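# Topology and contacts: notes
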Amino acid sequence: MNPFLDTWDFSSPVISLWINRFYIYLGFAFGISLWICFQIVLRKQLFILKGKKSQENSVPKATGDLMTNGCISLQNKEVFVSGVKIFYGSQTGTAKGFATSLAEAVTSLDLPVAVINLKEYDPDDQLVEEVTSKNVCAFVVATYTDGQPTESAVWFCKWLEEASSDFRFGKTYLKGMRYAVFGLGNSVYASHFNKVGKNVDKWLWMLGAHRVVARGEGDCDVVKSKHGSIEADFRVWKTKFLARLQTLQKGEKKPCDGNCKRGQCESSMEEEPSESTSEEESGTEDHQNLNSVVDVEDLGKIMNCVKKEKREKEEQEEKSSLVRNTVKNEDSERRTMITPALREALTKQGYQLIGSHSGVKLCRWTKSMLRGRGGCYKHTFYGIESHRCMETTPSLACANKCVFCWRHHTNPVGTEWRWKMDQPEMILKEAIENHQNMIKQFKGVPGVKEERFEEAMMVKHCALSLVGEPIMYPEINRFLKLLHECKISSFLVTNAQFPVEIRNLRPVTQLYVSVDASTKDSLKKIDRPLFKDFWQRFLNSLKALAAKQQRTVYRLTLVKAWNVDELQAYAELVSLGNPDFIEVKGVTYCGESSASSLTMANVPWHEEVIHFVRELVDLIPDYEIACEHEHSNCLLIAHKRFKIGREWWTWIDYNRFQELVQGYEDSGGSATFSAEDYMAKTPHWALFGAGERGFDPKDTRYQRKNKSKDISGC
């Protein structure tokens, strides 16, 4: 007997309570232990079953199990690569030979393959189809000694370059497309070695496509060729491409390097193509990146800092150079408007720069009408031939910084001309030459109408509305006279900040004034003018417009939540300038920019624009709605003097205008003429309320595939 236990009184209620609690706790602990053991066994069995299931999915079932009515069923087998398309741009045949060789190798993998000449390929219609096709696209492209693509690849490269910088396509336009690039070049021309291959790689990446293997580079210089010859360079890249293709066929992804974050393998994150990113550097770069991984969240900040530092450096060098030149010679001539940094920025946007302050660019409506896909709103409202219209400016500088500027303020600003000036003869000559050279790139492009291509080589209209303020150019009147001597009509747009220049302006076919707001506060908010007396200048410009005898237009750009509620104020401005026509257009969203706070929410729907126009017309009894161009989200209000009987005459008789302006010049300005002297009848399809809604029935309406944004306008 234990003397200690003998002293306990087990009949005591307290002792009995503690004994009961002990048994309860013991049972509870035993239950938890059983539950833990059960969970361990269950998870182990699930893991085993999952492994067996994955093996069953990876190993073909017995033939008997696959047989359905005597046929093998493949409905459960997922296809990861449906085929390979090999595109080539070749001049001497080398790239074509490589493409054929690659096709033969791909065929051995039991994959369908197609070899396509880029000259016969229409990227505008067909490239977006690769997003959902499960194809892998290989591009074998050569670079000329001058850094340009071969003739067969010119159109494709031009389209790709413009699409990559066009906000209408966006960074996800080709998301889902898989591609690889092999470039052919000669390192003797080091400054643009394999430039075309690098650019195609970069532009596809910018549109959201996924690169499946590092870019290959073939060198015609056997001395500098990494593998001894361009053929050997291609064989090495082809081997890597085929190996990657086999991996993709199995549905496998790149192996994880262990640096995973938030469930995503950072080793598979694709980097932006650069001048140096190719198969030769990919190995060493991957090794270095293991120890220096940059978060995607920080990548934008880093790139912004790099760009800012580069910009500041260029500006500092420019200032230093200017100071040195001033010290050397205080009487030296004025500096040029287009600085090296500005030239680079504008060239990337597709400008063909002329001299030191002018530029020309191909309008998207010119391309559209070349292919029979419809013209711009000026074709509907005034009868211009969009494929024969040259969009240019003799002054890239402007006195405003409008929030909806479609060039994101890359152009210079100023309130007066303070730059070196080029002669108008040179500007016009080079503008036409550059325009024609851009048109020539469409020769042989699929869909381009031959008769329109021939017509487009002869410029008939000039839209002085590209960017900047053309009326700032001191020789604008001489430039207009030269246009008319070449039988080219003139459409000049001004921002209503130069009333004296408007008064002194010689006759133009049609003179526009941008009326972006109707009150002083909203104009300051939207146009952000540089002049302190901007409002008085604005009003004086409208008064100067009223004194013009030729066709005049108010251009109203509606910005939702900014200027759509100022109807009465707009009506008062109409009575001040008494324009012949009023164009009302919904603002075009030009993408994100640090220079503007606009979003897609500020873009009015077409029906909202119609509603605004109806309410405005009720306040201006001398005007009616005349025309509509739904595709540009634009309507035309016309003065009733252009309605003869019950028919509208908003179109222009261009031949008659040229006769009238020639008579004006010959008479020294005494033979004046008015807008009614060269008007023409408007066709029924262009009128407001017509079923065509402003689309010329001679053409075919084209809707972009995989359109990520609903954006109207030019």
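Check the entry above for the structure.
Source: prediction; values computed, not measured.

A few words now on the overall build of the chain. Across its full length, the chain carries 22 helices and 24 strands. Taking all 714 residues of the chain together, 48% fall into the buried category. Relative to all contacts within the chain whose residues are 6 or more apart in sequence, the contacts with residues 24 or more apart total 77%. Accessible area of the chain: about 36500 Å², with a carbon and sulfur share of 53%.

Here we take up the packing of helix α14 (residues 424-440) against helix α16 (residues 476-485). Running from amino to carboxyl end, α14 crosses α16 at an angle of 45°, the nearest separation of the two axes being 9 Å. The angle between the axes of α14 and α16 places the two elements in the oblique class. Remark: the crossing between α14 and α16 carries right-handed chirality. Contacts between α14 and α16 involve Pro424, Glu425, Ile427 and Leu428 from the first element and Arg478, Phe479, Leu482 and Leu483 from the second.

Tallying each qualifying case throughout the model produces 3 cavities of 30 Å³ or more. Computed from the structure, the second largest cavity encloses a volume of approximately 50 Å³. In terms of lining, the second largest cavity is formed by Leu505, Arg506, Pro507, Val508, Leu511, Lys548, Gln550, Arg551 and Thr552. Along the lines of polarity and charge, the residues of the lining of the second largest cavity split into 4 nonpolar, 2 polar and 3 charged.

Position of Asp422 relative to the elements: it lies in the loop between β13 (389-393) and α14. Buried charge without a salt bridge: Asp422, with Lys420 as the nearest opposite-charge side chain at an N-O distance of 5.3 Å. Here the side chain of Asp422 touches Ser356 through a polar contact of 2.6 Å, landing on its backbone nitrogen. If sequence neighbours within four positions are ignored, Asp422 has contacts with Ile354, Gly355, Ser356, His357, Ile427 and Tyr473.

Evaluated as defined, the whole model comprises 24 salt bridges. In this structure, Arg215 engages Asp201 in a salt bridge whose closest nitrogen and oxygen atoms are separated by 3.2 Å. One end of the pair, Arg215, is in the loop between β7 (210-211) and β8 (216-219); the other, Asp201, is in helix α7 (residues 195-206), and 14 residues separate them in sequence. Residue Asp201 is classed as buried on the basis of its relative accessible area of 1%. We note a salt bridge from Lys643 to Glu624, for which the minimum N-O separation is 2.9 Å. With Lys643 in strand β21 (residues 643-644) and Glu624 in strand β19 (residues 623-629), the pair connects residues that are 19 residues apart, well separated along the chain. Counted as one network, the salt bridges with shared partners bring together Asp201, Arg211, Arg215 and Glu217.

Attention shifts here to the sheet that holds strand β11 (residues 352-354). What links the strands of a sheet is backbone hydrogen bonding, and the strands pair in either a parallel or an antiparallel sense. An order of β11-β12-β13-β14-β15-β16-β17-β18-β20-β19 is seen for the 10 strands of this open sheet, with the pairing classed as mixed. Lying at the two open borders of the sheet, with one neighbouring strand each, are β11 and β19. Strand-to-strand twist of the sheet, defined as the mean angle between neighbouring strand axes without regard to direction, takes the value 25°. Sheet analysis places β11 next to strand β12 (residues 358-361), joined by 3 bridges and oriented antiparallel. When the bridges of β12 are listed, Leu353 appears paired with Gly359.

Here the focus is a nonpolar patch on the surface. A contiguous nonpolar surface patch, about 560 Å² in accessible area, is contributed by Phe28, Ile32, Trp35, Ile36 and Ile40. With respect to the helices and strands, Ile40 occurs in helix α2 (residues 13-58). For Ile40, a relative accessible area of 56% puts it in the exposed group.

For strand β20 (residues 634-639), the tally of buried residues reaches 6 of 6 residues, placing the bulk of the element in the interior. Residues Cys634, Leu636 and Ala638 line one face of β20 and the alternating positions Leu635, Ile637 and His639 line the opposite face, and both faces are buried. Relative to β20, strand β18 (residues 581-586) runs antiparallel, the two being bridged by 5 bridges. Looking across to β20, one finds that Lys585 is bridged to Cys634. One ladder, built from 6 bridges, connects β19 with β20; its direction is antiparallel. Across the sheet, Tyr623 pairs through a bridge with His639, a residue of β20. The hairpin formed by β19 and β20 contains 4 residues between the paired strands, and Asn633 there has a positive phi angle of roughly 55°.

Calculation criteria
Residues numbered from 1 in each chain as written. Predicted model: local features only at pLDDT ≥ 70, side-chain atom pairs only at ≥ 80, totals over all residues. Heavy atoms only, no water. Helix = DSSP H or I, 4+ residues; strand = E, 2+ residues; numbered from the N terminus. Buried < 20%, exposed > 50% of the residue type's maximum accessible area, 1.4 Å probe, protein only. Contact = heavy atoms within 4.5 Å. Areas by Shrake-Rupley, 256 points an atom, 1.4 Å probe, with all protein chains shown as cover. Axes fitted to C-alpha atoms, helices over the stretch in contact; angles between N-to-C directions. Parallel < 35°, antiparallel > 145°, perpendicular 65-115°, else oblique. Left-handed = near helix turned anticlockwise from the far one by under 90°. 1 Å grid on protein atoms, 1.4 Å probe; cavity = no way out; pocket = protein on both sides within 12 Å on 5 of 7 lines; lining within 4 Å. Points joined across faces, edges and corners; volume = space filled by probe spheres on them. Nonpolar A, V, L, I, M, F, W, Y, C, P; charged D, E, K, R; others polar. Lys, Arg positive; Asp, Glu negative; His and termini not counted. Salt bridge = Lys/Arg side-chain N within 4 Å of Asp/Glu carboxyl O. Polar contact = N/O pair within 3.5 Å; in protein donor to acceptor, adjacent residues only side chain to side chain. Pairing = 2+ DSSP bridges. Patch = residues over 30% accessible without salt bridge, like charges linked within 9 Å, V, L, I, M, F, W, Y side chains within 5 Å.

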